[in-house]
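The lines below spell out each chain.
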Amino acid sequence: MISCTLAEVVAEMEAMYDPAWAEPWDAVGLVCGDPDQPVRKVLFAVDPVAVVVDEALDWGADLVVTHHPLYLRGTTSVAATTFKGRVVHRLIRGGGALHTAHTNADVADPGVSDALARAVGLTSELRPLQPSADDPRRGLGRVGRLPAPVPLREFALRAAAGLPRTAGPPRVAGDLERMVRTVAVCGGSGDSLLGTARAAGADVFLTADLRHHPASEHMEAADGPALIDAAHWATEWPWLADAARRLTSAMENKGITVEARVSDTVTDAWTATTTDLDPRAFEGWG
Ligand SMILES: [Zn+2]
């Protein structure tokens, strides 16, 4: 088996997800790792957190690719006195590099929201919800159509079934009997695109991290899409398999075998809802 260097894998990742496409506030690219080190195994995950590092080291990964950056703002220390410093230390000690593709993967074609759109059942051609100024084929979010109109109730159930399970199920705002066909999606926090989804003529907009006031005001306006608010991690996770597949086939075309694995570990911030908790566990309850 011909192995390759970290520099070669990073070059391929950056060909798929050009760092120049990232938002100015973002921090994408190589976080730690020696460009000359060999890479045979790559673990793809949403978050660069301790359980993902555990999984990477247990498997013997040479590289972890995450969607979320470890350090979004500058730091003056990578000491193992913080969880971020511990991530860096443990990876380096275990021979693992870390690379992140964040907003550059969001706007790529195909990108994070393409994978989300397919996961929730969109089979049509997709177009960016908010096209990038420099290239309208790329952009944030996606809009597409379902094969046939279905009640919001049915689409919500199908979308939930298409996404990986997390502690909290998706929440829905809107008339459950309303027929939906044109669907807008945005992986991650998409509430800045509420108005864009309305302007795009979407019947329903699926994203994560929707807050009360923007959602409430959107629904009061009455003529916009219904809303589905899913777990942040769940909306970005479908992209991992797509990125892994693209990387391995691009390397394969160069005669290089890279083994890629997608982490199934749920790293959404929310780990339970009170409906999961049994009040009978408390003495004297009710
Ligand atoms: Zn995200």
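Report follows, based on the coordinates. (Residues numbered from 1 in each chain as written. Predicted model: local features only at pLDDT ≥ 70, side-chain atom pairs only at ≥ 80, totals over all residues. Heavy atoms only, no water.)

**Focus: the nonpolar core**
By size, the foremost hydrophobic cluster in this structure holds 50 residues, and its most contacted members are Tyr-17, Phe-44, Phe-155 and Trp-239. Per-element tally for this core: the top contributor is helix α9 (residues 232–252), with 8 residues. Among all residues touching Phe-155, those that are not within four sequence positions of it are Val-120, Leu-146, Val-150, Val-180, Val-183, Val-204, Leu-206 and Ile-228. (Core = buried A, V, L, I, M, F, W, Y, C linked by side-chain atoms within 4.5 Å. Buried < 20%, exposed > 50% of the residue type's maximum accessible area, 1.4 Å probe, protein only. Helix = DSSP H or I, 4+ residues; strand = E, 2+ residues; numbered from the N terminus. Contact = heavy atoms within 4.5 Å.)

**Topic: the sheet that holds strand β8 (residues 139–151)**
Ordered by their spatial adjacency, 6 strands build an open sheet running β7-β8-β10-β11-β12-β9, and the pairing between neighbours is mixed. Whereas interior strands pair on both sides, the edge strands pair on one side only; in this sheet they are β7 (127–131) and β9 (171–173). Direction aside, neighbouring strands of the sheet carry axes that sit 25° apart on average. With 3 bridges joining them, β9 and strand β12 (residues 226–230) adopt antiparallel strand pairing. Residue pairing across strands places Ala-173 opposite Leu-227, the latter belonging to β12. Packing against the sheet, helix α5 (residues 112–119) makes contact with β8, β10 (179–189) and β11 (204–208), and its axis sits at approximately 140° to β10. In this fold α9 packs onto β10, β11 and β12, with an angle of close to 95° to the strand it touches most, β10. (Pairing = 2+ DSSP bridges. Axes fitted to C-alpha atoms, helices over the stretch in contact; angles between N-to-C directions.)

**Some words on the environment of Ala-160**
Secondary-structure assignment places Ala-160 in helix α6 (residues 152–162). The class of Ala-160 is partly exposed, set by a relative accessible area of 29%. When the C-alpha positions of Ala-160 and Val-120 are compared, they lie 7.4 Å apart, and in sequence the two are 40 residues distant.

**Thoughts on the pattern of salt bridges**
Considering all chains together, one arrives at 12 salt bridges under this definition. The salt bridge involving Asp-114 is made with Arg-142; its shortest N-O contact spans 2.9 Å. Here Arg-142 lies in strand β8 and Asp-114 lies in helix α5, a separation of 28 residues in the sequence. Salt-bridge contacts for Asp-242 lead to Arg-245; the nearest nitrogen and oxygen are separated by 3.4 Å. Note that Asp-242 and Arg-245 are positioned in helix α9 at a spacing of 3 residues, about one turn of the helix. With a relative accessible area of 14%, Asp-242 lands in the buried category. (Salt bridge = Lys/Arg side-chain N within 4 Å of Asp/Glu carboxyl O.)

**What to know about the sheet that holds strand β2 (residues 29–32)**
Read from one edge to the other, the open sheet built from 5 strands follows the order β2-β6-β5-β4-β13, with strand pairing classed as mixed. Every other strand in the sheet has two partners, leaving β2 and β13 (259–262) as the edge strands with one partner each. Shown here is a sheet whose adjacent strand axes are inclined to one another by a mean of 25°, direction ignored. Where strand β5 (residues 63–66) and strand β6 (residues 97–100) come together, 4 bridges link them in parallel fashion. Pairing of Val-65 across the sheet is with His-99, part of β6. Where helix α1 (residues 6–16) meets the sheet, its contacts fall on β2, β4 (41–45), β5 and β6, and the angle it forms with β6 comes to roughly 10°.

The analysis is restricted to geometry; functional conclusions fall outside its scope.
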